[in-house]
Amino acid sequence: MRARYDGLADWYEERFVEGSEPHQPGVLELLGPGSGPCLDIGCGTGRNFESIRASGRSVVGLDFSKDQLSLARTRTDGPLVHGDAAVLPFADASFDTAITMWISTDVDDFGAVLLEAARVLRPGGVLVAYGVHPCFNGPHVVYEEDGRRTAHPTYRQSGWHDESPWWSAEGIRRRIGMRHMPLAEYLNAIVESGLTVERFEEPTGPDIPHALAFRARRTN
């Protein structure tokens, strides 16, 4: 099966990664200091490798797009793995830390990704997840020129969306679509993973949050 980002890696790198801030808001605080390998699930072109290293950890990257991984290689000498985030090619209890950045809308089943993340964490291990805010960012949302956001009743239409009348012709969603999870579905996926949430954040940025992040721990 062809990865959604294959053929788009160079465009994505130029639009979203090159020249961007080295650390996305709040990531270092959620990670906290640590050591050892950190699994970056859906690492893309390696935008968050610097944050992982700044926390004291080393990088293990995984992505389903070989095109993305070829660019990620320019940012690390560490292991990079081609694989499915919902079927991680690692043994149980392999990592003390894992992160997922902006992938909840790109995978078919984010709940399966969280279950796999929980499986490969050691007891006491930490997952940091950071991505699209289910309420204020999605196929149901219109970004107004004055900074407001208008939410439409399609908010409750969970699942994959190939089109939305409000998506920009130049944006990533017109190119690959988007998996929308209403807030309750998103939170229930965390509960069902068995992880214990320690903190939620709506990272700094626009007054209406663009992102939702959390830190969770495997407790058994």
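Values in this document were obtained by computation on a predicted structure and should not be read as measured data.

Let us now look at the pattern of salt bridges. A complete count under the given rule lists 12 salt bridges for this structure. We note a salt bridge from Asp92 to Arg119, for which the minimum N-O separation is 2.8 Å. Taken together, the positions of Asp92 in the loop between strand E3 (80–82) and strand E4 (95–101) and Arg119 in helix H5 (residues 110–120) put the pair 27 residues apart, joining distant regions of the chain. Judged by its relative accessible area of 53%, Asp92 falls in the exposed class. Owing to a relative accessible area of 23%, Arg119 belongs among the partly exposed residues under this scheme. The partner of Arg174 in a salt bridge is Glu163, with the nearest N and O atoms 2.6 Å apart.

Turning to the pairing of E4, a few remarks are in order. The element E4 is extensively covered by neighbouring structure, given that six of its seven residues are classed as buried. For E4 and strand E5 (residues 121–132), the ladder comprises six bridges, and the chain directions are parallel. When the sheet's bridge partners are listed, Thr100 is paired in E5 with Ala129.

Among the 12 residues that make up E5, nine are buried, leaving the element largely enclosed by the rest of the structure. Handedness of the crossover joining E4 and E5 through H5: right-handed. Two strands pair when backbone bridges link them, and E5 and strand E11 (residues 211–217) are joined in this way by seven bridges, in the antiparallel orientation. Across the sheet, Val128 pairs through a bridge with Arg215, a residue of E11.

Reading the values: rules and limits
Residues numbered from 1 in each chain as written. Predicted model: local features only at pLDDT ≥ 70, side-chain atom pairs only at ≥ 80, totals over all residues. Heavy atoms only, no water. Salt bridge = Lys/Arg side-chain N within 4 Å of Asp/Glu carboxyl O. Helix = DSSP H or I, 4+ residues; strand = E, 2+ residues; numbered from the N terminus. Buried < 20%, exposed > 50% of the residue type's maximum accessible area, 1.4 Å probe, protein only. Pairing = 2+ DSSP bridges. Right-handed = clockwise from strand over helix to strand, strands pointing away.

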